[in-house]
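The residues making up each chain are set out below.
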Amino acid sequence: MSEDRIRADYRIIAELVAKNTSVLDLGCGDGGLLSYLADTRGVRARGIELNDEAVLSCVKRGLSVSQQDIDAGLSEYGDASFDYVILNQCMQQVKLPHTAIGEAVRVGRQAIIGFPNFAHISSRWQLGVLGRAPVTPSLPYQWYNTPNRHFLGISDFKRYCEANGYLIEQERYLNDEKRVRFMPGLLAQTGIFVIHRRK
């Protein structure tokens, strides 16, 4: 697949992952990100996914994947079992994000967390001025069919990390395919963070 057809968040995550490392992708979906990391970064890739069809897609790609619910924790994995644990675009959908993040940081030497920014300017406009639930490219669902359970902004996540002893090592922001460097809490549709527990 040509590089320009790869999702922008996948390209950024690949930049954050060192070559020839081990990666566990929580909520890996159809395995698109894991496959891209294996191809471009030479990672030893493993995924966890609950959806039957997505698991089948991963298997067809030749990926190692376990079918399980990340809300139940990762008790089968020891501390620092992977160089990176990725939780991309699914943290807002799990029942227990605090547990999922805690397990990601425990099992991985570093965790990469990516999520849609519910405080993006278009969301604020739709909610505050138009008086309706926001629908944006990074939040493409209607209020009645959204899988999202938790609605957070970039500032929320930063405050969460500070309050829970997580150090933000790197952060990247996107608006569609473009990087955002100015006022990301307002202008970025997606935030991607590399975090680990403070020593």
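In what follows, the structure referred to is the one given above.
Residues numbered from 1 in each chain as written. Predicted model: local features only at pLDDT ≥ 70, side-chain atom pairs only at ≥ 80, totals over all residues. Heavy atoms only, no water.

Engineer: Mind laying out a nonpolar patch on the surface, listing which residues take part and the relevant values?
Structural biologist: A contiguous nonpolar surface patch, about 310 Å² in accessible area, is contributed by W125, V129 and L130. Examined against the element boundaries, V129 turns out to sit in the loop between helix 5 (121-128) and helix 6 (154-163). (Patch = residues over 30% accessible without salt bridge, like charges linked within 9 Å, V, L, I, M, F, W, Y side chains within 5 Å. Areas by Shrake-Rupley, 256 points an atom, 1.4 Å probe, with all protein chains shown as cover. Salt bridge = Lys/Arg side-chain N within 4 Å of Asp/Glu carboxyl O. Helix = DSSP H or I, 4+ residues; strand = E, 2+ residues; numbered from the N terminus.)

Engineer: Before we move on, can you summarise the pairing of strand 3 (residues 64-67) with the specific residues and values?
Structural biologist: Two faces, one strand: in a regular strand the side chains alternate between the faces of the sheet. Strand direction decides the pairing type here: strand 2 (residues 44-49) and strand 3, joined by 4 bridges, are parallel. Bridge pairing links R46 to S64 in strand 3. (Pairing = 2+ DSSP bridges.)

Engineer: Can you lay out the environment of K95 for me, pointing to particular residues and giving the numbers?
Structural biologist: Secondary-structure assignment places K95 in the loop between strand 4 (82-88) and helix 4 (97-107). Counting along the chain gives 25 residues from K95 to I70, while the straight-line C-alpha distance between them is 9.2 Å. Discounting residues that sit within four places of it in the chain, K95 has contacts with D71, R149 and H150. (Contact = heavy atoms within 4.5 Å.)

Engineer: Summarise the environment of G114; cite the residues concerned and give the values.
Structural biologist: Inspection of the secondary structure assignment puts G114 in strand 5 (residues 108-116). Classification of G114 by relative accessible area gives buried; the value is 1%. Considering only alpha carbons, one finds G114 and N51, 63 residues apart in sequence, at a separation of 20 Å. Residues within four places of G114 in sequence aside, it is in contact with L87, N88, Q89, C90, G191 and I192. (Buried < 20%, exposed > 50% of the residue type's maximum accessible area, 1.4 Å probe, protein only.)

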